[in-house]
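Survey of secondary and tertiary structure
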Amino acid sequence: MTDKVRIDSLDATSNANNQTYLARQAEFESNVRSYPRKLPLAITQAKGVWITDADQKEYLDCLAGAGTLALGHNHPDVLQSIQNVITSGLPLHTLDLTTPLKDAFSEYLLSLLPDKGKEYKLQFTSPSGADAVEAAIKLAKKATGHSGVIAFSGGYHGMTHGALSVTGNLSPKEAVNGMIPEVQFMPYPNLYRCPLGIGGDASVKALTDYFENLINDVESGVRKPAAVILEAVQGEGGVNPAPAEWLQRIRKVTEEHGILLIIDEVQAGFARTGKFFAFEHAGIQPDIIVMSKAVGGGLPLAVLGIKKQFDAWEPGHHTGTFRGNQLAMATGLTTLKILKGQNISEKVAQQGEWLKGKLAEMQKRFPVIGHVRGLGLMIGIEIVKPNEAKDQLGCYPADGDLSALLQKKCFEAGLILEPGGRHGCVLRLLPSLLITNQELEVFLDKFEQALLAAGVKPVV
């Protein structure tokens, strides 16, 4: 009977188009929904980097679940891993009870952490990155006995109360009063739009000196925090990679003062930046690593890597019903083995440099492309107003309106990507890590189509 209800329900909309599904979604779902407003489609099929909507239109997907689908849509090995669990007799849900599958996943994930995970333990949390951030902050406070947290402008860590408190974006905070206390925000390096108005190496040095001085200065007004939380490459904040020397100095100062360094690798982790973790570009070891998105191979999963000396939890002090998602551990294990076994990091690093070079060539013809940046297949394209006055660093004003129009024109051309950064002026690429150079050429063609369709005239 259950199967018949399900099939009948699908039959009722089998001939529906995008508009029908979108209208029904608006009727069924809260006003909080966001992606359908910018990407108005109903997905009916997906394979690799391609998706098909209810109007039978095909799109190149350079969003990939905001980086969750490291291997793209419906990778055959990932699908097979789901089938294997279903036919194995294993439970689908175990709280935090272990299984042979969980054991294998845990061993393999630990082996990917610094020094093959010898200094780390894992903590499975509820399956969103935001809950893992919540757990990391709570643990840091418990382990150190301190209560403050230092976060960074432009950072994004999630939408739960604590995670939102350490997130830079002010928009989602407007309707929520009473963020967690003692969160101190500091400027994050931006090699294109320096927050200090200096630019270059001098900016990086000034920001590192500023951080160290804040921690050491007895008159800073900021009590020694429990933790510093940051992204080694800011994603939602506009694809800003942290300079290696800045990260190294942050690590040095936090170690000297017994402050836990939490690195949020939810979006940048697992070969996305050309290294398995983005912090590896700086050669550092965090005290707590926050992992989600790709770690579950497309299914919900979130995990912390915790240095053993900071595992100060008492049993049951941070729980979550769905931390035992066996299907996600199966798809995650398959994904991690493919990423590692096929050396996808190296492929991604090479493709990222090639793609940035192609975009730099396009920038010469389309000066609305103000800056191209990122690592691996985590790339940002900042859209600017080249006909207006430059700032003191020689940068044109950001153009969030054109960026939004370009996202729309990309969608019309069959290309899905997402804006981010201040005023949404950065178009971001987070495609499947298995995307081919030929498919990246399709991206370049479609992006140029979108520029022309938006009325952007190339410089001859």
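Refer to the structure presented above.
Bear in mind that the values here come from a model prediction, so they are computed numbers and not experimental data.

When the charged atoms of two side chains with opposite charge come close together, those side chains can pair. Under the criterion given, the structure shown has 17 salt bridges. Across the pair Asp96 and Arg323 runs a salt bridge whose closest N-O atoms are separated by 3.3 Å. With Asp96 in the loop between helix 5 (76–88) and helix 6 (100–112) and Arg323 in the loop between strand 12 (303–307) and helix 11 (326–341), this residue pair connects regions lying 227 residues apart in the sequence. Judged by relative accessible area, Asp96 falls into the partly exposed class, the value being 47%. Between Asp391 and Arg193 there is a salt bridge, with the nearest N and O atoms lying 4.0 Å from each other. Separated by 198 residues along the polypeptide, Asp391 in the loop between strand 14 (378–383) and helix 13 (400–412) and Arg193 in the loop between strand 6 (183–186) and helix 9 (200–216) bring together distant segments of the chain. A relative accessible area of 23% places Arg193 in the partly exposed class.

All right, on to the layout of surface pockets then. Of the voids in this model, the second largest pocket is the one considered here, and its volume is about 370 Å³. Lining the second largest pocket are 17 residues, with Asp96, Leu122, Gln123, Phe124 and Arg323 positioned closest to its centre. Contributions of two or more residues to the lining of the second largest pocket are made by helix 6 and strand 4 (120–124). Examining the composition of the lining of the second largest pocket, we find that 4 residues originate from one element, strand 4, more than from any other. Tallied by class, the residues present in the lining of the second largest pocket amount to 5 nonpolar, 6 polar and 6 charged.

Right, let's get into the packing of aromatic side chains. Here the structure, examined in full by the defined rule, presents 10 aromatic pairs. Ring centres of Phe152 and Tyr188 lie 6.2 Å apart, and the angle between their planes is 75°; on these two criteria the pair is classed as edge-to-face. Taken together, the positions of Phe152 in strand 5 (residues 149–152) and Tyr188 in the loop between strand 6 and helix 9 put the pair 36 residues apart, joining distant regions of the chain. Using a relative accessible area of 3% as the deciding quantity, one classes Tyr188 as buried. Residues Phe443 and Phe447 carry aromatic rings whose centres are separated by 5.8 Å and whose planes lie at 15° to one another, so their mutual orientation is stacked. Pair noted here: Phe443 and Phe447 are both in helix 14 (residues 437–453), with a separation of 4 residues, about one helical turn.

What follows covers helix 12 (residues 344–365). The end-to-end C-alpha separation of helix 12 is 32 Å, in line with the 32 Å expected for 22 residues at 1.5 Å each. Taken together, the buried positions of helix 12 are Ile344, Ser345, Val348, Gln351, Gly352, Leu355, Lys356, Leu359 and Met362. Around the axis of helix 12, the buried residues are gathered within 140° of arc, so they sit on the same side. Exposed side chains of helix 12 directed beyond 90 degrees from the buried face belong to Gln350 and Lys364.

Residue position: Arg373 is located in strand 13 (residues 369–375). On the accessibility criterion, Arg373 (8% relative accessible area) is buried. Here the side chain of Arg373 touches Val239 through a polar contact of 3.0 Å, landing on its backbone oxygen. A polar side-chain atom of Arg373 sits 2.9 Å from a polar atom in the side chain of His371. Apart from residues no more than four positions distant in its own chain, Arg373 is found in contact with Tyr192, Gly238, Val239, Asn240, Lys356, Met378, Ile379, Gly380, Glu382 and Val426.

Before going further, it helps to examine the sheet that holds strand 3 (residues 58–61). Here 4 strands make up an open sheet; going across it, the order is 1-2-3-15 and the pairing mixed. For this open sheet the edge positions go to strand 1 (43–47) and strand 15 (415–416), each flanked by a neighbour on one side alone. Sheet topology note: the strand 1/strand 2 (residues 50–53) ladder contains 4 bridges and is antiparallel. Counted as the bridge partner of Gln45 is Thr52 from strand 2.

What counts and what doesn't
Residues numbered from 1 in each chain as written. Predicted model: local features only at pLDDT ≥ 70, side-chain atom pairs only at ≥ 80, totals over all residues. Heavy atoms only, no water. Salt bridge = Lys/Arg side-chain N within 4 Å of Asp/Glu carboxyl O. Helix = DSSP H or I, 4+ residues; strand = E, 2+ residues; numbered from the N terminus. Buried < 20%, exposed > 50% of the residue type's maximum accessible area, 1.4 Å probe, protein only. 1 Å grid on protein atoms, 1.4 Å probe; cavity = no way out; pocket = protein on both sides within 12 Å on 5 of 7 lines; lining within 4 Å. Points joined across faces, edges and corners; volume = space filled by probe spheres on them. Nonpolar A, V, L, I, M, F, W, Y, C, P; charged D, E, K, R; others polar. Phe/Tyr/Trp six-rings, centres within 6.5 Å; stacked < 30°, edge-to-face > 60°. Expected span 1.5 Å × (residues − 1). Arc of directions from axis to C-beta. Polar contact = N/O pair within 3.5 Å; in protein donor to acceptor, adjacent residues only side chain to side chain. Contact = heavy atoms within 4.5 Å. Pairing = 2+ DSSP bridges.

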